[in-house]
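# Chains, contacts and geometry: an overview
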Amino acid sequence: MKETILVTGGTGFIGSHTTVELQQAGYDVVIVDNLSNSREDVLDGIEKITGIRPAFEKVDLRDFDATESVFKKQKPLLYYHNNIVSLINLLQLMPKYDVKGIIFSSSCTVYGQPDVLPATEETPIKKAESPYGNTKQINEEIIADTIKSGSPIKA
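Calculation criteria
Residues numbered from 1 in each chain as written. Predicted model: local features only at pLDDT ≥ 70, side-chain atom pairs only at ≥ 80, totals over all residues. Heavy atoms only, no water. Helix = DSSP H or I, 4+ residues; strand = E, 2+ residues; numbered from the N terminus. Rg over C-alpha atoms; globule rule 2.2 N^0.38 Å. Buried < 20%, exposed > 50% of the residue type's maximum accessible area, 1.4 Å probe, protein only. Right-handed = clockwise from strand over helix to strand, strands pointing away. Pairing = 2+ DSSP bridges. Salt bridge = Lys/Arg side-chain N within 4 Å of Asp/Glu carboxyl O. Patch = residues over 30% accessible without salt bridge, like charges linked within 9 Å, V, L, I, M, F, W, Y side chains within 5 Å. Areas by Shrake-Rupley, 256 points an atom, 1.4 Å probe, with all protein chains shown as cover. 1 Å grid on protein atoms, 1.4 Å probe; cavity = no way out; pocket = protein on both sides within 12 Å on 5 of 7 lines; lining within 4 Å. Points joined across faces, edges and corners; volume = space filled by probe spheres on them. Nonpolar A, V, L, I, M, F, W, Y, C, P; charged D, E, K, R; others polar.

### Side note on the overall build of the protein
- Scanning the protein from terminus to terminus reveals five helices and three strands.
- Each helix (α) and strand (β) of the protein, taken in turn from the N terminus, gives the series β-α-β-α-β-α-α-α.
- Computed over the C-alpha atoms, the radius of gyration of the protein is 20 Å, more than 25% above the 15 Å expected from 2.2 N^0.38 for a compact globule of 155 residues.
- Principal axes of the C-alpha set define a box for the protein whose edges measure 60 × 40 × 25 Å.
- Evaluated residue by residue, the protein yields a buried proportion of 33% over its 155 residues.

### Some words on the pairing of strand β2 (residues 28-33)
- The buried count for β2 comes to five of six residues, which makes it a mostly enclosed element.
- Regarding the hand of the β-α-β motif, the stretch spanning strand β1 (residues 4-8), helix α1 (residues 13-24) and β2 is right-handed.
- Direction of pairing for β2 relative to strand β3 (residues 55-58): parallel, over a ladder of four bridges. From the neighbouring strand, Ile 31 faces β3, where its bridge partner is Phe 56.

### A few points about the pattern of salt bridges
- Evaluated as defined, the whole model comprises six salt bridges.
- Measuring nitrogen to oxygen at the nearest pair gives 2.7 Å for the salt bridge that ties Asp 44 to Arg 53.
- For Asp 44, a relative accessible area of 41% puts it in the partly exposed group.
- Accessibility expressed as a relative area gives 38% for Arg 53, which makes it partly exposed.
- Note that Lys 126 is salt-bridged to Asp 115, the shortest N-O span being 2.6 Å.

### Focus on a nonpolar patch on the surface
- On the surface, a nonpolar cluster with roughly 310 Å² of combined accessible area is contributed by Leu 93, Tyr 97 and Val 99.
- With respect to the helices and strands, Val 99 occurs in the loop between α4 (76-96) and α5 (131-148).

### Regarding unusual backbone geometry
- Pro 118 follows Leu 117 through a cis peptide bond whose omega is 0 degrees.
- Looking at where Pro 118 falls in the secondary structure, it is placed in the loop between α4 and α5.
- Even without glycine at this site, Leu 35 takes up a positive phi of about 60 degrees.
- Structurally, Leu 35 is set in the loop between β2 and α2 (42-50).
- One non-glycine residue, Asp 98, adopts positive backbone phi at about 55 degrees.
- Along the chain, Asp 98 falls in the loop between α4 and α5.
- Classification of Asp 98 by relative accessible area gives exposed; the value is 52%.

### Digging into the layout of surface pockets
- Quantified by volume, the largest pocket comes out at close to 400 Å³.
- As for the largest pocket, its lining consists of 17 residues, and the residues nearest its centre are Thr 4, Asp 28, Gln 74, Pro 76 and Leu 77.
- Secondary structure elements with two or more residues in the lining of the largest pocket: β2 and α4.
- When its residues are assigned to classes, the lining of the largest pocket shows 10 nonpolar, three polar and four charged.
- As a volume, the second largest pocket reaches approximately 250 Å³.
- Along its surface, the second largest pocket is lined by Lys 73, Pro 76, Leu 77, Tyr 80, Lys 127, Ala 128, Glu 129, Ser 130, Pro 131 and Asn 134.
- Counting only elements with at least two residues in the lining of the second largest pocket, the list comes to α4 and α5.
- Considering only residue class, the lining of the second largest pocket consists of five nonpolar, two polar and three charged.

This is the structure:
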């Protein structure tokens with residue numbers, strides 16, 4: 001797994017050049033910048049040079065809660081590993097042990113930011129806004145694809 005480096009002011013002149021060097025050295029980069037002295041389209045230039053668009057959080061680091069939210073978000077691989085790998089293991093083992101059904105506890109986060117609340121099962125699904133929500137969307141797709149493929153599992 002690549003190491004992740006947080007670059008504050010990463011859309012500024014020095015920060016953007018630092019980001020390019022870090023990405024070219026093999027690091028994942030998360031830029032945190034409030035864009036007070038730069039522009040978000042700098043990310044396009046970084047991506048053009050490196051082929052990788054760095055993760056970007058528009059946050060003023062003087063805002064403690066907003067800054068803490070950046071750190072809370074930066075563990076997506078833990079969500080992916082826990083939520084997706086565990087489901088795949090279950091789906092692989094269920095037929096072997098003649099387990100015929102699964103009830104998947106999803107999350108309202110699969111609806112992204114719905115236009116109308118409360119969300120129902122008929123609410124259109126939008127892009128999840130967090131790694132956790134994305135894993136729940138992916139898990140629902142994995143289950144649907146598994147059933148469509150002819151697996152004897154009911155969900």
